[in-house]
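Working through the structure, step by step
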Amino acid sequence: SSGINAEYGLVFSKLLFISGTFVSFDILQSAALLQVVSTQLVCSAVLYVLLYQPLTIFRTLTKQNLIKVLFNGAWYACVMLLWATGLRLVGPIRTVLLFDHH
């Protein structure tokens, strides 16, 4: 029964991803690329902070680990810019198909 629940979770997450891709495509038609990606990243960060409350671990992070976290965030922002550029160029259906077969 846990396998069935995992399958429903996978289907639900894929449907959320597909609907988010179509919504992002519609928004990209009328807004600037950098504005859309920045808004998505800020909203995701706020949700993450509210749900997981990660700010308590920053006291225990070393300077080297903090640099790794910031580098990872910058890398993810660049990947999001490339993904949004591809979404704008090829459309939502091809983006979903290409993203699932990377």
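One structure accompanies this document, and this report is about it. Remember, predicted model here, so these are calculated numbers, not experimental data. (Residues numbered from 1 in each chain as written. Predicted model: local features only at pLDDT ≥ 70, side-chain atom pairs only at ≥ 80, totals over all residues. Heavy atoms only, no water.)

What about the overall build of the protein?
Helix and strand content of the protein: 4 helices and 0 strands. Along the protein, helices and strands appear, N-terminal first, in the series α-α-α-α. At a minimum sequence separation of 6, the contacts of the protein that also span at least 24 residues come to 76%. For the protein, the accessible area works out to roughly 8200 Å², and carbon and sulfur atoms hold 71% of it. (Helix = DSSP H or I, 4+ residues; strand = E, 2+ residues; numbered from the N terminus. Contact = heavy atoms within 4.5 Å. Areas by Shrake-Rupley, 256 points an atom, 1.4 Å probe, with all protein chains shown as cover.)

Here's the deal with the nonpolar core
Of all hydrophobic cores here, the largest spans 7 residues; its members are Leu-28, Val-36, Val-37, Met-80, Trp-83, Ala-84 and Leu-87. For this core, the secondary-structure elements that each account for two or more residues are α2 (33–52) and α3 (63–90). The dominant element in this core, judged by the number of residues it contributes, is α3, at 4 residues. With sequence-adjacent residues up to four places away left out, Leu-28 is seen in contact with Leu-33, Val-36, Ala-84, Leu-87 and Arg-88. (Core = buried A, V, L, I, M, F, W, Y, C linked by side-chain atoms within 4.5 Å. Buried < 20%, exposed > 50% of the residue type's maximum accessible area, 1.4 Å probe, protein only.)

Description of the layout of surface pockets
Of the pockets and cavities examined, the second largest pocket occupies roughly 390 Å³. Every element with two or more residues in the lining of the second largest pocket is listed here: α1 (2–28) and α3. Among the elements that take part in the lining of the second largest pocket, α1 stands out by supplying 5 residues, more than any other. Each residue belonging to the lining of the second largest pocket can be placed in one class, and the counts come to 7 nonpolar, 4 polar and no charged. (1 Å grid on protein atoms, 1.4 Å probe; cavity = no way out; pocket = protein on both sides within 12 Å on 5 of 7 lines; lining within 4 Å. Points joined across faces, edges and corners; volume = space filled by probe spheres on them. Nonpolar A, V, L, I, M, F, W, Y, C, P; charged D, E, K, R; others polar.)

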